[in-house]
Each structure stands twice: as C-alpha cells, then as structure tokens.
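Residues per chain are reported as follows:
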Amino acid sequence: MTLLMMLACGEKDNVPDDTEAVVDTEATWAMPEGGVIELTTSDEVTLVADYYPVDAQGAPAVVLLHMIPPTWDRTSWPQDFIGMLTERGWTVLVPDRRGAGDSGGKAQDAYNGPKGKYDAEACVRRLMDDGYGDVAIIGASNGTTTTLDYTLWAGEAQLPTPVALGFMTGGGYTEGQNSMSDLGEIPSIFTYSTAERAWSVEQQDLGRSSWVFKEYEGGAHGTQMFNSKPEVKDDLVAFLADQL
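Residues numbered from 1 in each chain as written. Predicted model: local features only at pLDDT ≥ 70, side-chain atom pairs only at ≥ 80, totals over all residues. Heavy atoms only, no water.

> Please explain the environment of Tyr 118 as it appears in this structure.
Mapping Tyr 118 onto the fold places it in helix 3 (residues 116-129). Each C-alpha atom, one on Tyr 118 and one on Thr 40, is 9.3 Å from the other, the two residues being 78 residues apart in sequence. Non-local contacts of Tyr 118, meaning those with residues more than four positions away in its chain, are made with Thr 41, Ser 42, Asp 43, Arg 98 and Trp 153. (Helix = DSSP H or I, 4+ residues; strand = E, 2+ residues; numbered from the N terminus. Contact = heavy atoms within 4.5 Å.)

> What is the right way to read the packing of helix 3 against helix 4 (residues 143-154) from this model?
Packed helix pairs are specified by the crossing angle of their axes together with the interaxial distance, meaning the distance between the axes. Contact pair helix 3 / helix 4: the axes reach a minimum separation of 8 Å and the direction vectors enclose 70 degrees. Considering the angle they form, helix 3 stands roughly perpendicular to helix 4. Between helix 3 and helix 4 lies a crossing of right-handed hand. Mapping the contact onto sequence places Gly 116, Lys 117, Tyr 118, Ala 120, Glu 121 and Val 124 in helix 3 and Thr 146, Asp 149, Tyr 150 and Trp 153 in helix 4. Tallied by class, the residues present in the contact of helix 3 with helix 4 amount to five nonpolar, two polar and three charged. (Axes fitted to C-alpha atoms, helices over the stretch in contact; angles between N-to-C directions. Parallel < 35°, antiparallel > 145°, perpendicular 65-115°, else oblique. Left-handed = near helix turned anticlockwise from the far one by under 90°. Nonpolar A, V, L, I, M, F, W, Y, C, P; charged D, E, K, R; others polar.)

> What's the story with the pairing of strand 7 (residues 188-193) in this structure? I'm lost.
Sheet faces and side chains relate simply in a regular strand, where the side chains alternate between the two faces. Most of strand 7 sits out of view: six of its six residues are buried. Here strand 7 shows no split at all, with Ser 188, Phe 190 and Tyr 192 on one side and Ile 189, Thr 191 and Ser 193 on the other all buried. Of the strand pairs in this sheet, strand 6 (residues 164-168) and strand 7 are connected by four bridges, and their pairing is parallel. Bridge pairing links Met 168 to Thr 191 in strand 7. Bridge analysis of strand 7 against strand 8 (residues 211-216) gives six bridges, and the strand direction is parallel. Residue pairing in the sheet places Ser 188 in a bridge with Trp 211 of strand 8. A crossover links strand 7 with its parallel partner strand 8, the connecting element being helix 5 (residues 198-204), and its sense is right-handed. (Buried < 20%, exposed > 50% of the residue type's maximum accessible area, 1.4 Å probe, protein only. Pairing = 2+ DSSP bridges. Right-handed = clockwise from strand over helix to strand, strands pointing away.)

> Teacher, can you tell me more about the packing of aromatic side chains here?
Aromatic rings considered in pairs are described by the distance between their centres and by the relative angle of their planes. With the rule as written, the count across this model stands at eleven aromatic pairs. Look at Phe 190 and Trp 199: their rings are 6.1 Å apart centre to centre, the planes differ by 45 degrees, and that puts the pair in the tilted class. Trp 199 matches Phe 190 in its accessibility class, with the two residues each being buried. For the pair Phe 190 and Trp 211, a centre-to-centre distance of 5.2 Å together with 50 degrees between the ring planes defines the contact as tilted. Residue Phe 190 is located in strand 7, and its partner Trp 211 is located in strand 8; the two are separated by 21 residues in the primary sequence. In this structure Phe 190 comes out as buried when scored by relative accessible area, which is 0%. Grouped by ring-pair contacts, the aromatic residues Phe 167, Phe 190, Trp 199, Trp 211 and Phe 213 constitute a single cluster. Lys 117 extends its terminal NZ or CZ atom over the ring of Tyr 118, reaching a point 4.9 Å from the ring centre. Over the aromatic face of Trp 153 sits the side chain of Lys 117, whose NZ or CZ is 5.3 Å from the ring centroid. (Phe/Tyr/Trp six-rings, centres within 6.5 Å; stacked < 30°, edge-to-face > 60°. Lys NZ or Arg CZ within 6 Å of the ring centre and 35° of its normal.)

Below, the structure written as structure tokens:
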C-alpha cells in the first residue's frame, strides 16, 4: 500500500530503476569536413592535403603519395582517378609531401632519412581519428620510399599497417632506408613501363604470392602513366577492390 501511495504521489526517487540508458555510438559519428586541410607530423611539420571523406564510419581509406618533391605535388593525382576511388566508397587523402606544394619542411627529408614516414603517419592518424577503417597507400616514384618506410615502421609504432600497397614505378630509391625483402605478404601492386621494368621484375624473385605486377608497353613514369596508359586507373582500382 505504501508503495502504491508513493507512486501515486509521484515519489519515484525511492523506487530502484534497473534500466540503463542505451547509447547509440554510431549516432555520435559525423562525416568530417572535406576540402583542403592541414596535418601536423610527429616532427612538427605542417602538411597541406586534399581530403575526400565518405559518409560511412569505418569505411576504407586510400592515401596517395606523389612523386619527388618539390617538382611534384598533390595536384599530380588526376581528379578522375580520385573520383573512381570515392565512388567505391573509399575515403581519399592526398597530401603535399614535405617540401612540396603548400607543405612545410625540406624536400629531401621526404625521401632521404627517417622523416618521410612521418608524412604517411600524419595521414593515417587523421583517418584513424576521423573514424575510418582499413588503409591502403599508393606511392608514385619516390613516393614508394615513404610507402615502404611507413609500412615497415607501423607495427613498431603501434599504428595500423596498410592492408594494401601500390608501387607506381618503384626503383632503387624505394629502398633508400629499407629493403623490400623485409616486406611480407601485404597485398601489393606494381605498375611500371617496359622501359623501367628492371626493379619491379626483381621484386618477383621475393616470391610473395599476394603481389601483382602490371607492365605497360610504352608507359611512362609514376603518375605520368595515367596520361600514357589510362587503363592503369582501372587496374589499380580493381586491385584495391579485392583488398578493401
């Protein structure tokens, strides 16, 4: 009777409530703002990047690393190729590597010595912070140097290891700090012209079953291949589609 009176009087504070609030964590996520953004590396270099987020928490992401700075910058990645990636539901992040375009830092540090990997790290950390999932990295020319350096360092640094890699005209410069022989069975695609096939063909001797090799007669160097052999875009997207 007392309990009934308490309820009738609205005195509910004394009644135990075993129900718990249900929090919808997905409802708290919002797609980050895209466009031109700034990233700060572990060694305090400010990078500028073009960001193409997709509206799906946990979606895969692709980082594109351009050819040698300062000669090349993020604008060397064609918009139609970036569009092919985002149409697949993949977020894309395209930085100016240090010393290139609008980014700070010294160009030579992007590929010689230990600092270049911090450019890729800054990209991956941003994607993690924004709630995206698996990451693939495609490097062109000596962008492959940072691709390899970051990938081999990621586990040691407790950062996500890329689930797929692209080496667009790799060469001896790719192994400036590290050896390809240390790269295990991470699915990777190698694109190269017949004229620059030597280094990529050498990598076949490592016997990695998950590595794919695409040679283009009359092709060009790095991202210049997009102009001379536009089918490379389809080959890259098809490869990534099997991994992401």
